[in-house]
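Examining the three-dimensional arrangement
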Amino acid sequence: MTMLIIGGSGFLGTELLRQASSAGRLAAATFNSRATRTDGVTWHHLDLRDARQIDTLIDAVAPSVVINASSGDADWSVTADSSFRLATATARQGIRLVHVSTDAVSSGADVHYDETALPDPVTPYGAAKAAAETAVRLLHPASVVARTSLIIGDGGSTHERVVHELVAGAREGALYTDDVRCPVHVTDLAAALWELAVSDAAGVFHLAGPDAVSRYALGGLCTSNHPAKRWSLVYTAGKSPLSRAWHSTVEISWGNRFRSAMALVVSGTSSRMYSPRSARANSGPVLFSKSHVLLRAR
Ligand SMILES: NC(=O)c1ccc[n+]([C@@H]2O[C@H](COP(=O)([O-])OP(=O)(O)OC[C@H]3O[C@@H](n4cnc5c(N)ncnc54)[C@H](OP(=O)(O)O)[C@@H]3O)[C@@H](O)[C@H]2O)c1
């Protein structure tokens, strides 16, 4: 039973593979630009823009499960078209498919979104992911579409790196208070995805952290254990570049549909789950250990 991770060289893909290895799962994975070697993983080069490569890969690996953790941002060919092709190939061969999507399929016009919310994207990336969701759901009805929010973890995520670069003066930018999301730790997200992958669940699932946090607040938490705290981090004047305030708080409303994963994601393990509430209770950030603080005070 081989599990195939599309986008295995990415941030989420790497954690999915780490957990597969810990659980003794036979894993294969793809990379595009970042050739990777991992013990126990069979790596395949893949360009999702090439339809033939997708079919060839699926035939060669013959996986029982495919988790699509690739990201082509707003590139329609990578994000939308290839999801259509992957859904077609896996459905045709009766292969289980877990497709990773995003809260960016929602505009943020509402505050809370549950799994029944229809996409109304306002960005090119959100539109491509929404198109991908539609293709996956219609072509492969037994698949899982897992919407997540900002993925963070132990300093390695893009979002944490951006904050560190802002503080270091290595880039200019703003962290807005009107861009509110539900960040999730990559470890918790990967565990929930594996739980879905080996289940027979189907449909849309929201896998997000328990707390709604603005980019501004996230930046503060990323830097809160720096001893100096003398940097100028955020600019709050003005609205985020999104046309409407982005309050795409992903509501965790699975109820009894998927009880164990809900417990996993909502409660988490406080030492790993990104949670400002737990941070306050413990009078310190729970996520970022001192060794991960790479900040330089101005
Ligand atoms: N990061 C977030 O905060 C966030 C939030 C919501 C949803 N998501 C979703 O979560 C998933 C994982 O995100 P991530 O942050 O882990 O992404 P990531 O680190 O940027 O990794 C992207 C992966 O996609 C691969 N890829 C890119 N272009 C490709 C192409 N043309 N052909 C084949 N593979 C290609 C990359 O391969 P190479 O690196 O080898 O080029 C890499 O393995 C994505 O579906 C993303 O949309 C992410």
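Residues numbered from 1 in each chain as written. Predicted model: local features only at pLDDT ≥ 70, side-chain atom pairs only at ≥ 80, totals over all residues.

**Comments concerning the sheet that holds strand 11 (residues 203-207)**
Ordered by their spatial adjacency, seven strands build an open sheet running 3-2-1-4-5-7-11, and the pairing between neighbours is parallel. A strand with exactly one partner marks an edge of an open sheet, and here the two such strands are strand 3 (41-45) and strand 11. Pairwise comparison of adjacent strand axes, ignoring direction, gives a mean angle of 20° for this sheet. Of the pairings in the sheet, the one linking strand 5 (residues 96-102) to strand 7 (residues 144-148) comprises five bridges and is parallel in character. Directly across from Val98, in strand 7, lies its bridge partner Val144. (Pairing = 2+ DSSP bridges. Helix = DSSP H or I, 4+ residues; strand = E, 2+ residues; numbered from the N terminus. Axes fitted to C-alpha atoms, helices over the stretch in contact; angles between N-to-C directions.)

**Topic: helix 5 (residues 158-168)**
Of all the positions in helix 5, only Glu160, Val163, His164, Leu166 and Val167 are classed as buried. For helix 5, the buried positions fall inside an angular range of 160° around the axis, keeping them on one side. Gly169 sits one or two residues past helix 5 and shows a positive phi near 75°. (Buried ≥ 20, exposed ≤ 12 C-beta atoms within 10 Å, placed from the backbone. Arc of directions from axis to C-beta.)

**Some points on the confidence of the model for the protein**
Interpreting fine coordinate detail is not advised for predicted regions of low pLDDT. Mean pLDDT for the protein: 78, with 75% of residues reaching 70 or above. Confidence drops under a pLDDT of 50 for residues 228-237, and excluding neighbours within four residues, the segment shows 18 contacts in the predicted structure. Across residues 243-248, where pLDDT falls below 50, the model places 21 contacts with residues more than four positions away in sequence or in other chains. (pLDDT = per-residue confidence, 0-100. Contact = placed C-beta atoms within 7 Å.)

**Some thoughts on the packing of helix 1 (residues 11-22) against helix 6 (residues 186-197)**
Where helix 1 meets helix 6, the axes come as close as 9 Å, and the angle between the chain directions of the two elements is 65°. Here helix 1 and helix 6 pass one another in a crossing that is right-handed. Counted together, Phe11, Leu12, Glu15, Leu16 and Gln19 of helix 1 and Val186, Thr187, Leu189, Ala190, Ala191, Leu193 and Trp194 of helix 6 form the full contact between these two elements. The class makeup of the residues in the contact of helix 1 with helix 6 is nine nonpolar, two polar and one charged. (Left-handed = near helix turned anticlockwise from the far one by under 90°. Nonpolar A, V, L, I, M, F, W, Y, C, P; charged D, E, K, R; others polar.)

**What about the pairing of strand 7?**
The element strand 7 is extensively covered by neighbouring structure, given that five of its five residues are classed as buried. In strand 7, alternate side chains face the same way, and those of Val144, Ala146 and Thr148 on one face and Val145 and Arg147 on the other are all buried. As paired strands, strand 7 and strand 11 are joined by five bridges and run parallel to one another. Counted as the bridge partner of Thr148 is Leu207 from strand 11.

**Here we look at the site of the ligand**
Around the ligand there are 25 residues in total, and Gly7, Gly10, Leu12, Asn32 and Ser33 lie nearest to it. Residue assignment for the shell around the ligand shows that the elements contributing at least two residues are helix 1 and strand 5. For the shell around the ligand, the per-class residue count stands at ten nonpolar, twelve polar and three charged. (Near = placed C-beta within 6 Å.)

**So, the nonpolar core**
In terms of nonpolar packing, the biggest core is built from 62 residues, with Ile5, Leu16, Ile67, Ala146, Leu189 and Leu193 touching the most fellow members. Top element by residues in this core is helix 6. It accounts for nine residues. Looking at which domains feed residues into this core, each of domain 1 (2-151 + 185-207) and domain 2 (154-180 + 210-249 + 269-292) gives three or more. If near-sequence neighbours (up to four positions away) are discounted, Leu16 is found in contact with Ile5, Ile67, Ala69, Ala190 and Leu193. (Core = buried A, V, L, I, M, F, W, Y, C linked by C-beta atoms within 7 Å. Domains from an automatic or database assignment.)

**Brief notes about the environment of His185**
Position of His185 relative to the elements: it lies in strand 10 (residues 184-185). Classification of His185 as buried rests on a count of 25 C-beta atoms within 10 Å. C-alpha separation for the pair His185 and Leu150, spaced 35 residues apart in sequence, amounts to 8.5 Å.

**Remarks on the packing of helix 5 against helix 7 (residues 215-223)**
Where helix 5 contacts helix 7, the two axes come as close as 10 Å, and the packing angle between them is 75°. Judged by the angle between their axes, helix 5 and helix 7 are roughly perpendicular. Where helix 5 abuts helix 7, its residues His159, Glu160, Val163 and Val167 lie against Leu218, Gly219, Cys222 and Thr223. Residues belonging to the contact of helix 5 with helix 7 are distributed by class as follows: four nonpolar, three polar and one charged. (Parallel < 35°, antiparallel > 145°, perpendicular 65-115°, else oblique.)

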